[in-house]
Amino acid sequence: MYLLVLFIPLLSSAISGLFGRKIGERGAGVFTSSSIVISWVLSMLIFYETNINTSSTYIKLWRWFDSELLTTNFGLQFDALTGIMLVVITSVSALVHIYSTGYMSGDPHIPRFMSYLSLFTFFMIVLVTSDNYVQLFIGWEGVGLCSYLLINFWLTRIQANKAAIKAMLVNRVGDIGLVLGMFAIFKEFGSLEFSTVFSAVNEVSRPNSIALICILLLIGAVGKSAQLGLHTWLPDAMEGPTPVSALIHAATMVTAGVFLIIRSGPLFEGSPLALTVTTVVGALTAFFAATVGLVQNDLKKVIAYSTCSQLGYMVMICGVSNYSTSLFHLMNHAFFKALLFLSAGSVIHALADEQDMRKMGGLIRSIPFTYVMILIGSLSLMGFPYLTGFYSKDLILELVYDKYYLAFAYWLGAFSALLTAFYSIRLIYLTFISNTNSKKEVLMTVHESSWNITLPLLLLALGSIFVGYIAREVVVGTVLPPIIPSSIKLIPVVLSLLGATLAFLSYNTLSGFKVFLPKIKPQTVVNLFSPAIYTFLNSAWQFNYIINHFLVAKAWKFGHLISYRIIDRGLLEIIGPRGISKLIIGVSQKISNLQSGLVFNYALIMLVFTTLFISGSGVGGFASQQWAYIMFS
């Protein structure tokens, strides 16, 4: 059972990729979807063993990385953390596979697409079941590779090429941090196995080394989980098909960084500095992404920035040593975020691939089922009372408030909740409620999607409503809510409702302003976002410009002038092939000049060497004889 959950997705990927032409588009879709559903069933059994029965399992398969003092086994670790992650990964992946059979219908390369999805799932399972950092790194790089392949699936689109390369390169920066962290762990502990490293944390005599290790691991998590600074790849990843967006942003790639922090919790507990930095990074990311999501017009990019913001909450709560709460929010987020992405895909599918919300509107009567699905997902994202997101998001803010020395993190998170509600209602209003801006011929053909698109939406909607309530005792049953005033507990809910109200009033008809704000002109409220502020937020705080202008451009200039022109085309060419060839040609030309073909030149040489022979030593005479022989031969 434990090995099957790992290798069934690999088998599914191999058969769909290698024999896709034999089994056909429908066969590839049915086979891969069935395989992942089987993996989900096995994951539920593993969850029952590890979480309900509290029975962890450790499997050593073979020794595969053996170099002097470094010995690493290919081993699997199934504990409570792994059990929850397996359920999340296989649940969302199975529904995305089923959804893809309808969403990608008509595409000639469905077997390749389904193969990539299954391979993505396999590498994510390798990542969460590993019992050492080396094996974790294999899964870490594997999901990065698959994200490149999936974002660039429509490989004839230039923007998809650019987005895939950008995702790969930005993640390489974080990967360097993870690799350096692994080197530091091996230097300090002499092993890369979780059990060995975590059991020896308290024996380390140099606390600065633990801080360094944690900061390097955090850099890896920042890259993979799109935290502030290395987040720029995440919105551009929307160039891939919508099922890819759901799989990357809900259950797989972006959660890998948070999983790394949770798994490395014993290390982080040994460094208060690393915990503080983690909290600051998470809080700033949650606030930054929420502000940018306010003014995005692309339907999928709004949801992408909400993912970035929610990941900030997960990282922030890890910084206050509540890893189970972070895992709880990760699980809840997977369901309502997958629901939002797949529902957005249903809207895009109905509108002939239109993603600009300014060109939508009035769809509530045409696709009411999809409207209800997005409404449920958005309310859960907002933390609306008694939906899935409510149970984890409010708990995170309460626990952060309890750490008084990090009060600013609480207020950033609370204000981000207001902004989250604002852009969630804005999305619903512009897409479904406002007057339509669609073309007539497009609007006339809008209809609900087929069953293999709507069925995953319905199941995810049930998860977005009930999972938080059902799973809270299993995941965060040991977390004691802090004793704080009820007024503080209500702040996130009040701010969310306030944000939703402001969004509805801002985008509703002008009569709304006349009722609620009779003395303020509507234009005054609209102009709160001046062109400068709007441009600043719409450009994501100019991060792309700053990185391109101050880092990428200078690195490119250095690479062109120094690395390419001076070293590659200069020094190495002179020392290497070009220099050697010039030297040989020059010497050959000088020697060939002696072979002039003129008799008097030969006579002069004979006279000179004869004189040397007569007057010189025997050695000189012998040399002259040899030279004369060469000249006349």
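Residues numbered from 1 in each chain as written. Predicted model: local features only at pLDDT ≥ 70, side-chain atom pairs only at ≥ 80, totals over all residues. Heavy atoms only, no water.

- As named in an unreviewed UniProt entry, the protein chain is NADH-ubiquinone oxidoreductase chain 5, taken from Oscarella viridis.
- Among the UniProt annotations of the protein chain, the heading Function (unreviewed entry) holds the following wording: "Core subunit of the mitochondrial membrane respiratory chain NADH dehydrogenase (Complex I) which catalyzes electron transfer from NADH through the respiratory chain, using ubiquinone as an electron acceptor. Essential for the catalytic activity and assembly of complex I."
- One UniProt comment on the protein chain, placed under Catalytic activity (unreviewed entry), says "a ubiquinone + NADH + 5 H(+)(in) = a ubiquinol + NAD(+) + 4 H(+)(out)". (UniProt positions renumbered as here; feature names shortened; annotations may be inferred.)

### Brief notes about the packing of helix H15 (residues 323–350) against helix H16 (residues 368–382)
Here comes step 1: Put simply, H15 and H16 touch, their axes get as near as 9 Å, and they point 150° apart. By the angle between their axes, H15 is roughly antiparallel relative to H16. Note on packing geometry: the crossing formed by H15 with H16 is left-handed. Between H15 and H16, the contacting residues are Phe336, Lys337, Leu339, Leu340, Ser343, Ala344, Ser346 and Val347 on the first element and Thr370, Met373, Ile374, Ile376, Gly377, Ser378, Ser380 and Leu381 on the second. (Axes fitted to C-alpha atoms, helices over the stretch in contact; angles between N-to-C directions. Helix = DSSP H or I, 4+ residues; strand = E, 2+ residues; numbered from the N terminus. Parallel < 35°, antiparallel > 145°, perpendicular 65-115°, else oblique. Left-handed = near helix turned anticlockwise from the far one by under 90°. Contact = heavy atoms within 4.5 Å.)

### Observations regarding the side chain of threonine 50
Here comes step 1: Mapped onto the fold, threonine 50 is located in helix H2 (residues 20–52).
Here comes step 2: Within the structure, the side chain of threonine 50 is placed 2.8 Å from the side chain of asparagine 51, a separation counted as a polar contact. (Polar contact = N/O pair within 3.5 Å; in protein donor to acceptor, adjacent residues only side chain to side chain.)

### Overview of the environment of isoleucine 428
Here comes step 1: Along the chain, the position of isoleucine 428 falls in helix H18 (residues 407–433).
Here comes step 2: Among the residues examined, isoleucine 428 registers a relative accessible area of 4% and is labelled buried.
Here comes step 3: Sequence separation between isoleucine 428 and glycine 579 is 151 residues, and the spatial gap between their C-alpha atoms is 67 Å.
Here comes step 4: When near neighbours in sequence (up to four residues on either side) are disregarded, isoleucine 428 contacts Tyr371, Ile374, Leu375, Ser378 and Ile433. (Buried < 20%, exposed > 50% of the residue type's maximum accessible area, 1.4 Å probe, protein only.)

### Section: empty space enclosed by the protein
Here comes step 1: Summed over the entire model, instances satisfying the criterion amount to 2 cavities of 30 Å³ or more.
Here comes step 2: Roughly 50 Å³ of volume is contained in the largest cavity.
Here comes step 3: Contributing to the lining of the largest cavity are Val302, Ile303, Ser306, Leu340, Ser378, Leu381, Tyr423, Ser424 and Leu427.
Here comes step 4: For the lining of the largest cavity, the secondary structure elements donating two or more residues are helix H14 (299–318), H16 and H18.
Here comes step 5: Residue composition of the lining of the largest cavity, grouped by class: 6 nonpolar, 3 polar and no charged.
Here comes step 6: Its boundaries defined by the atoms lining it, the second largest cavity holds a volume of some 30 Å³.
Here comes step 7: Around the second largest cavity, the lining residues are Met382, Gly383, Phe384, Pro385, Val493, Ser496 and Leu497.
Here comes step 8: For the lining of the second largest cavity, the leading source of residues is helix H21 (residues 486–507), giving 3 residues.
Here comes step 9: Each residue belonging to the lining of the second largest cavity can be placed in one class, and the counts come to 5 nonpolar, 2 polar and no charged. (1 Å grid on protein atoms, 1.4 Å probe; cavity = no way out; pocket = protein on both sides within 12 Å on 5 of 7 lines; lining within 4 Å. Points joined across faces, edges and corners; volume = space filled by probe spheres on them. Nonpolar A, V, L, I, M, F, W, Y, C, P; charged D, E, K, R; others polar.)

### Points about the pattern of salt bridges
Here comes step 1: Counted under the stated rule, the structure contains 9 salt bridges.
Here comes step 2: Note that glutamate 239 is salt-bridged to arginine 157, the shortest N-O span being 2.8 Å. One end of the pair, glutamate 239, is in the loop between helix H9 (233–236) and helix H10 (242–251); the other, arginine 157, is in the loop between helix H5 (133–151) and helix H6 (158–189), and 82 residues separate them in sequence.
Here comes step 3: Of the residues examined, glutamate 239 reaches a relative accessible area of 23% and is grouped as partly exposed.
Here comes step 4: Members of the salt-bridge network, linked through shared partners, are Lys60, Asp131 and Glu193. (Salt bridge = Lys/Arg side-chain N within 4 Å of Asp/Glu carboxyl O.)

### A closer look at H21
Here comes step 1: Taking 1.5 Å of rise per residue, 22 residues should cover 32 Å, and H21 covers 32 Å from first to last C-alpha, within 8% of that figure.
Here comes step 2: Of all bends in H21, the biggest is about 30°, found at proline 492.
Here comes step 3: The set of residues buried in H21 consists of Ile488, Ile491, Pro492, Val493, Leu495, Ser496, Gly499, Ala500, Ala503 and Leu505. (Expected span 1.5 Å × (residues − 1). Bend = angle between axes of the 7 residues up to and from the residue.)

### As for the pairing of strand E1 (residues 57–67)
Here comes step 1: In terms of strand pairing, E1 meets strand E2 (residues 70–78) through 9 bridges, oriented antiparallel. Within E2, the position partnered with threonine 57 by the bridge is phenylalanine 78. (Pairing = 2+ DSSP bridges.)

### Looking at the packing of aromatic side chains
Here comes step 1: Throughout the structure, instances matching the rule amount to 21 aromatic pairs.
Here comes step 2: Summarising the aromatic geometry, the rings of tryptophan 62 and phenylalanine 74 are spaced 4.9 Å apart at their centres and angled 15° between planes, so their arrangement reads as stacked. One end of the pair, tryptophan 62, is in strand E1; the other, phenylalanine 74, is in strand E2, and 12 residues separate them in sequence.
Here comes step 3: The class for phenylalanine 74 is buried, based on a relative accessible area of 14%.
Here comes step 4: Residues tyrosine 410 and tryptophan 411 carry aromatic rings whose centres are separated by 5.0 Å and whose planes lie at 80° to one another, so their mutual orientation is edge-to-face.
Here comes step 5: When its relative accessible area of 47% is taken as the criterion, tryptophan 411 is described as partly exposed. (Phe/Tyr/Trp six-rings, centres within 6.5 Å; stacked < 30°, edge-to-face > 60°.)

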